[in-house]
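# Secondary and tertiary structure notes
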Amino acid sequence: MTLDGIESRAVQERFSEDGYVVVPSLGVAQSEIAAARALLDELFDRFASIPPQFAHDLGGSANRSNPILPEINAVSTLAPALRRTALFRAALGLARQLLGPGAYPLYDHAIYKPPGLAGTTSWHQDSGYDPDRAERLAVWMPFQDTAVADGAMRYVPGSHRAGRRPHLTRTTADGKTVQYLEVDEREVSEAPCPLGGATAHDLHMVHGAGPNLGENVRRAWIIDFTVGSLAARTVEAAKEKVRVRRYAVI
Ligand SMILES: O=C(O)CCC(=O)C(=O)O
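Description of the structure in this document. (Residues numbered from 1 in each chain as written. Predicted model: local features only at pLDDT ≥ 70, side-chain atom pairs only at ≥ 80, totals over all residues. Heavy atoms only, no water.)

### Re the environment of Leu26
How we decide: Runs of H or I in DSSP of at least four residues are treated as helices and runs of E of at least two as strands, each being numbered from the N terminus.
Tracing the chain through its elements places Leu26 in the loop between strand 1 (20-23) and helix 2 (30-45). Considered as a pair, Leu26 and Pro142 are 116 residues apart in the sequence and their alpha carbons are 11 Å apart.

### Section: unusual backbone geometry
Here the phi dihedral of Ala74 falls at roughly 55°; this positive angle occurs in a residue that is not glycine. One can find Ala74 in the loop between strand 3 (70-73) and helix 3 (75-78).

### Observations concerning the site of the ligand
Quick reminder of the rule: Any residue with a heavy atom positioned within 4 Å of a molecule or strand is treated as near that molecule or strand. Definition of a polar contact: a pair of N or O atoms within 3.5 Å, with one able to donate and the other able to accept a hydrogen when the atoms are protein atoms, and with sequence-neighbouring residues admitted only if both atoms are side-chain atoms. We get accessible surface area from the Shrake-Rupley algorithm with a probe of 1.4 Å; when it comes to residues, only the shown protein chains can shield them. Charged residues are taken to be Asp, Glu, Lys and Arg, nonpolar residues to be Ala, Val, Leu, Ile, Met, Phe, Trp, Tyr, Cys and Pro, and polar residues to be all remaining types, Gly included.
Around the ligand, the surrounding shell consists of His109, Ile111, Lys113, Thr121, His124, Asp126, Trp140, Met153, His207, Ala209, Arg218 and Ile222. The contact in question runs from an oxygen atom of the ligand to an N or O atom on the side chain of Asp126, over 3.2 Å. Within the complex, 95% of the 290 Å² of free accessible area of the ligand lies under protein. Taken together, the elements giving at least two residues each to the shell around the ligand come down to strand 4 (103-113), strand 5 (121-124), strand 12 (207-209) and strand 13 (218-227). When residues of the shell around the ligand are assigned to their parent elements, the largest contribution, 3 residues, is made by strand 4. Grouping the constituent residues of the shell around the ligand by class yields 5 nonpolar, 4 polar and 3 charged.

### Concerning the sheet that holds strand 3
This is how it is decided: Two strands are said to pair when DSSP picks up at least two bridges between them. Simply put, an axis is a line fit to the C-alpha atoms, just over the touching stretch for a helix, and the angle between two N-to-C directions goes from 0 to 180 degrees. Any two residues whose heavy atoms approach within 4.5 Å are treated as being in contact.
Reading across from one edge, 1-11-6-13-4-3-2 is the order of the 7 strands in this open sheet, with antiparallel pairing throughout. Since the sheet does not close on itself, it has two edges, and those belong to strand 1 and strand 2 (55-57), each with one partner. Going across the sheet, the axis of each strand differs from the next one's by a mean of 20°, ignoring polarity. Alignment of strand 1 against strand 11 (residues 198-202), held across 4 bridges, turns out to be antiparallel. In the strand pairing of strand 11, Val21 is matched with Ala200. Sitting on the sheet, helix 2 is in contact with strand 3, strand 4 and strand 13, with an inclination near 60° to strand 4.

### Comments concerning the pattern of salt bridges
Formally: Think of a salt bridge as a Lys or Arg side-chain nitrogen and an Asp or Glu carboxyl oxygen that are within 4 Å of each other. The classification of residues rests on relative accessible area computed with a 1.4 Å probe and restricted to protein chains. Under 20% of the type maximum is buried, over 50% is exposed, and intermediate values are partly exposed.
Going through the model one piece at a time under the given rule, you end up with 11 salt bridges. Across the pair Asp184 and Arg186 runs a salt bridge, and its minimum N-O distance is 2.8 Å. By relative accessible area, which is 29% here, Asp184 ends up partly exposed. Exposure remark for Arg186: the relative accessible area of 73% places this residue in the exposed category. The structure contains a network of salt bridges with shared partners spanning Asp130, Arg133, Arg136, Asp224 and Glu236.

### A closer look at the nonpolar core
Keep this limit in mind: The set of buried Ala, Val, Leu, Ile, Met, Phe, Trp, Tyr and Cys residues whose side-chain atoms join them within 4.5 Å is what this entry labels a nonpolar core.
Leu26, Ile72, Leu87, Leu94, Met141, Trp221 and Phe225 are the most contacted members of the largest nonpolar core, which has 43 residues in total. No other element matches helix 4 (residues 86-99), which puts 10 residues into this core. Leave out the neighbours within four places in its chain, and Leu87 touches Leu26, Val28, Ile33, Ala36, Met141, Phe143 and Trp221. Leu117, Ala138, Trp140 and Ile222 belong to the second-largest nonpolar core, a separate cluster that totals 14 residues.

As structure tokens, this is what we get:
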């Protein structure tokens, strides 16, 4: 991504002030966005054959052939071509602007939220799942214009400054434990985002997403980045490969 100096500074200021920023365009051609989407669609098409450690239903259904709200983890490890897309490079560029030149991808996932679904993505902080890390951010990229009614991201501006909060836990219908937070809805900002744009949020940002009351599937690819030495990065990458190889018989 090539933001000019002024725009880039504005993005950084918004991010550090609010804990999140909406970037309306990453500067990636529509055909390149479509190429990334096709790779993700291909994974979702064979959702039932991907091990449950990677492909699970945020809607809590155990019927893997017909998930309610499918999520796939480690998508760019399962489909390495994703890392060669222009969209991936743009997300990395944004992460490097916000975290510094040493930013590297840590983890990614994709969520396909079908239309007409009342379910929201619970309030949480990414640091709730990664308590020991000091720096991390997520770049959230939609594959369609995502208005509030389509299940846009929601943030509590400034909430990142208070650090990690203790999360509540609940058990889903399929027996998974999920963490969540309760927030004062009056403090919430909706973050609609156009196709080709992205939102980025800090690891301590309190966030969630609304229900998809629109007419189309709300597709999103989310890549988390962190910073660290080359040694730390190599160890993380090796661990991820082992984790995926151990489970992924796909
Ligand atoms: O896309 C969504 O519904 C929510 C994504 C999210 O909250 C996350 O990646 O932490």
